[in-house]
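Reading the structure
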Amino acid sequence: MRDFSDEELERYSRHIILEDVGIEGQEKILNSKVLIIGAGGLGSPVALYLAAAGVGEIGIVDGDVVDLSNLQRQVIHTTSEVGTAKVISAKRKMEAINPNIKVTVYQTMLDASNILEIVKGYDFIIDGTDNFSAKFLINDACIIANKPYSHGGILRFGGQTMTIKPHESACYACVFDSPPPANAIPTCSSAGILGAVAGMLGTIQATEALKVIVGVGEPLYNRLLSFDAKAMSFRNINFKKNPKCRVCGGEGIKELRDYEAVVCEMKR
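The structure contained in this document is the topic of the report that follows. (Residues numbered from 1 in each chain as written. Predicted model: local features only at pLDDT ≥ 70, side-chain atom pairs only at ≥ 80, totals over all residues. Heavy atoms only, no water.)

With that settled, the discussion passes to the pattern of salt bridges. According to the stated counting rule, one finds 11 salt bridges in the structure shown. Shared partners join several salt bridges into a network, and the residues in it are E81, R92 and K93. (Salt bridge = Lys/Arg side-chain N within 4 Å of Asp/Glu carboxyl O.)

With 32 residues, the main nonpolar core has L35, I115, I125 and C171 as its most contacted residues. Those elements that place two or more of their residues in this core are β1 (33-37), α6 (115-119), α7 (132-145), β6 (158-164) and α8 (172-176). Broken down by element, the residue count for this core peaks at seven residues, all from α7. With near-sequence residues (within four places) excluded, C171 lies in contact with N139, I143, M162, I164, C245, V247 and C248. In terms of nonpolar packing, the next biggest core, distinct from the first, is built from 26 residues, V46, V55, A209 and L210 among them. (Core = buried A, V, L, I, M, F, W, Y, C linked by side-chain atoms within 4.5 Å. Buried < 20%, exposed > 50% of the residue type's maximum accessible area, 1.4 Å probe, protein only. Helix = DSSP H or I, 4+ residues; strand = E, 2+ residues; numbered from the N terminus. Contact = heavy atoms within 4.5 Å.)

Another aspect to go through is the sheet that holds strand β8 (residues 233-238). Across the sheet, which stays open at both edges, the eight strands sit in the order β3-β2-β1-β4-β5-β6-β7-β8 with mixed pairing between neighbours. Either end of the sheet is taken by a strand with one partner, and the two such strands are β3 (102-106) and β8. Neighbour-to-neighbour, the strand axes of the sheet open up by a mean angle of 15°, direction not taken into account. Pairing of β1 with strand β4 (residues 124-127), which is carried by four bridges, proceeds in the parallel orientation. Paired with V34 across the bridge in β4 is F124. The sheet strands contacting helix α4 (residues 43-53) are β1, β2 (57-61) and β4, and the helix crosses β1 at an angle near 165°. (Pairing = 2+ DSSP bridges. Axes fitted to C-alpha atoms, helices over the stretch in contact; angles between N-to-C directions.)

Structurally, the position occupied by A90 is in helix α5 (residues 86-97). Overall, A90 belongs to the buried group, its relative accessible area being 0%. Distance in space between the C-alpha atoms of A90 and M1 is 31 Å, their sequence separation being 89 residues. Residues within four places of A90 in sequence aside, it is in contact with I60, I76 and H77.

What follows is the structure, encoded as structure tokens:
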């Protein structure tokens, strides 16, 4: 067992006193590696909470720079950082919260040529992207690499999330099959998003990651959790793994391909 320092015992004391976490659970967190894809509205709260929790190594992927319009919901960035690479901005805050963690940045957009090499080094993946092509690619890569991951998306006043355990639970393609036709979904800029909704869903995704790492509770396997913030109502939609799924059914997917970019379903 890890020899916790006095500083670590104090920093993580509220985890350690939890009956279902304790010293053993916190040690699992400190030894874990999580990859966050997207440093936007969802990735911001995920990154802050996982850093605070003590996840030992956090990777964060994003090829964009901070824009003024991001600041209404992407709470890891500040006004003075407009024009700064999002991954650099995020890394600064994560290390300021917890200097004992390792933050690895990938200032790039993921595609079929590089995603497997990146995800293979992590225990859990979090999808904080804002477009269908990326979401389906992440699902495919996690199935091939056998990496559990959290899907998340937000739009207007609502959000949805599910957690996937490759080859055991329903995957994203089991539920949605393939990207929708172009123009079938409102554009991000025209649809809008209430900023706090991003925080609501991002914290759920961070919670799912910690649950899976510690091995506690019931992750959102085979369940799509959706919520409407205007009514503040939540519902679970149950699914089963599709034995004929084009990605995880039968012999399953063998190689990756890039999906055609279509209008994004959810705004980060």
